[in-house]
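Now for the letters of each chain:
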Amino acid sequence: MADINTRSAKKLERIGRAKRQQMKAVYRILDPEVVEPGASHFCALAVMTKAPRAGQVKTRLVPPLTPDEAAQLNVCFLRDTAAAISQACGEHARGIAVYTPVGAEAEYIDILPRGFQLVPQRGEGFGERLALAVEDLFQIGFASVCLIDSDSPSIPAKSYLDAARLLSIQGDRVVIGPSDDGGYYLIGLNKMQRRLFEKIDWSTERVLAQTKQRAAELDVEDKLLSPGYDVDDRAALRRLCDELLGDDAKSTITIAPNTREFLRALIAQKEL
């Protein structure tokens, strides 16, 4: 029995080592202490992500979903958001995943497109994590930074492209993608402005208004993108199903294909 356990442990170790090597071949992990050559020519389109583990992501959707279904839906959201970011990158932006926890790098294999780069999250509270992500990306050398949530899979690539374009125009500004719940799905800066993340009532309907107020206090111009919505409760999930699978879904046929197919299969399964 001991020999079997030893062989099993060694096999798991080999598998883990192989996955780490595969991950390194696909994604580069950027170090905020090291300036990335050429980064100053790019906007960092950075999705904030937590490793998609059952019971740890999309918990407000349990029920109606099971923890495993919620985690799978989270994977689809991230795939669709990352794909839209990739479409927006072109010659002027790079796709980044600012992830947590450290050690979960291999979990993003087959989720993020090739060419994406990884940056570990730092900090405790939500506002601190956002501020430190912006700080790290500027330290790496990017000319501008957009932080993007992973809860809004129906945001089109055009919104990310518009954000990068607005930030490339001379002059300090903040670009915000407003969400219907009073928050935002994107915040972009071309200069570090820590106060934009301080004394904000996170996870409330006051986030957008307070952020705009901070920008006014800093005398920084704010530009708003087309609105979107976060999918973090039952009502928003129903809205997403209507958008992607309802009678008018043909108008959004190119939006969120992974999420669309997962929801279609899930609904068909639950109706059996």
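1. Describing unusual backbone geometry
Note that the residue after proline 63, namely proline 64, is joined by a cis bond; omega there is 15°. With an omega of 0°, the peptide bond between threonine 100 and proline 101 qualifies as cis. Relative to the assigned elements, proline 101 resides in the loop between strand 3 (93-100) and strand 4 (117-120). Phi angles above zero are rare outside glycine, and aspartate 110 is one such case at about 70°. Examined against the element boundaries, aspartate 110 turns out to sit in the loop between strand 3 and strand 4. Among the residues examined, aspartate 110 registers a relative accessible area of 61% and is labelled exposed. With a phi angle near 60°, aspartate 219 is a residue other than glycine that sits in the positive phi range. Topologically, aspartate 219 is positioned in the loop between helix 5 (207-217) and strand 8 (221-224).

2. Some words on the nonpolar core
Of all hydrophobic cores here, the largest spans 36 residues; its most connected members are Leu45, Ile85, Leu112, Phe116, Tyr160 and Leu186. For this core, the secondary structure elements donating two or more residues are strand 2 (43-50), helix 2 (67-89), strand 3, strand 5 (144-148), helix 4 (157-168) and strand 7 (184-189). Per-element tally for this core: the top contributor is helix 2, with 7 residues. Phe138, Ile140, Ile187 and Leu208 belong to the second largest nonpolar core, which has 31 residues in total.

3. A short note on the pattern of salt bridges
Under the counting rule described, the total for this entry stands at 18 salt bridges. Residue glutamate 135 is joined to arginine 194 by a salt bridge in which the shortest nitrogen-to-oxygen separation is 2.7 Å. Placement of the pair is glutamate 135 in helix 3 (residues 126-140) and arginine 194 in the loop between strand 7 and helix 5, with a sequence separation of 59 residues. Measuring nitrogen to oxygen at the nearest pair gives 2.7 Å for the salt bridge that ties lysine 158 to aspartate 162. With lysine 158 and aspartate 162 both in helix 4 and 4 residues apart, the pair spans about one turn of that helix.

4. Quick notes on the packing of aromatic side chains
Considering all chains together, one arrives at 2 aromatic pairs under this definition. Centre to centre, the rings of tyrosine 99 and tyrosine 108 are 6.1 Å apart; their planes meet at 65°, and the pair counts as edge-to-face. As far as burial versus exposure is concerned, tyrosine 99 and tyrosine 108 are alike and both buried. Seen in terms of ring centroids, phenylalanine 126 and tryptophan 202 are 5.2 Å apart; in terms of plane orientation they differ by 80°. Their pairing is edge-to-face. Here phenylalanine 126, found in helix 3, pairs with tryptophan 202, found in the loop between strand 7 and helix 5; they are 76 residues apart in sequence, far enough to count as distant. Over the aromatic face of tyrosine 229 sits the side chain of arginine 239, whose NZ or CZ is 3.8 Å from the ring centroid.

5. Some points on the side chain of asparagine 190
You can see asparagine 190 is positioned in the loop between strand 7 and helix 5. A relative accessible area of 16% places asparagine 190 in the buried class. Of the polar contacts made by the side chain of asparagine 190, one reaches the backbone oxygen of glycine 171; its length is 2.9 Å. Looking at asparagine 190, its side chain comes within polar contact range of the main-chain nitrogen of arginine 173, at 3.2 Å. Once residues within four sequence positions are removed from consideration, asparagine 190 is found in contact with Phe138, Ala143, Ser144, Leu167, Ile169, Gly171, Asp172 and Arg173.

6. Topic: the sheet that holds strand 2
Pairing is mixed in the open sheet, where 8 strands are placed in the order 1-4-3-2-5-7-6-8. Pairing within the sheet leaves two strands with one partner each, and these edge strands are strand 1 (28-29) and strand 8. In the sheet, strand 5 pairs with strand 7 via 4 bridges, with the strands oriented antiparallel. When the bridges of strand 7 are listed, isoleucine 148 appears paired with leucine 186.

What counts, and at which threshold
- Residues numbered from 1 in each chain as written.
- Predicted model: local features only at pLDDT ≥ 70, side-chain atom pairs only at ≥ 80, totals over all residues.
- Heavy atoms only, no water.
- Helix = DSSP H or I, 4+ residues; strand = E, 2+ residues; numbered from the N terminus.
- Buried < 20%, exposed > 50% of the residue type's maximum accessible area, 1.4 Å probe, protein only.
- Core = buried A, V, L, I, M, F, W, Y, C linked by side-chain atoms within 4.5 Å.
- Salt bridge = Lys/Arg side-chain N within 4 Å of Asp/Glu carboxyl O.
- Phe/Tyr/Trp six-rings, centres within 6.5 Å; stacked < 30°, edge-to-face > 60°.
- Lys NZ or Arg CZ within 6 Å of the ring centre and 35° of its normal.
- Polar contact = N/O pair within 3.5 Å; in protein donor to acceptor, adjacent residues only side chain to side chain.
- Contact = heavy atoms within 4.5 Å.
- Pairing = 2+ DSSP bridges.

Interpretation note: all reported values are geometric properties and have no functional meaning in isolation.
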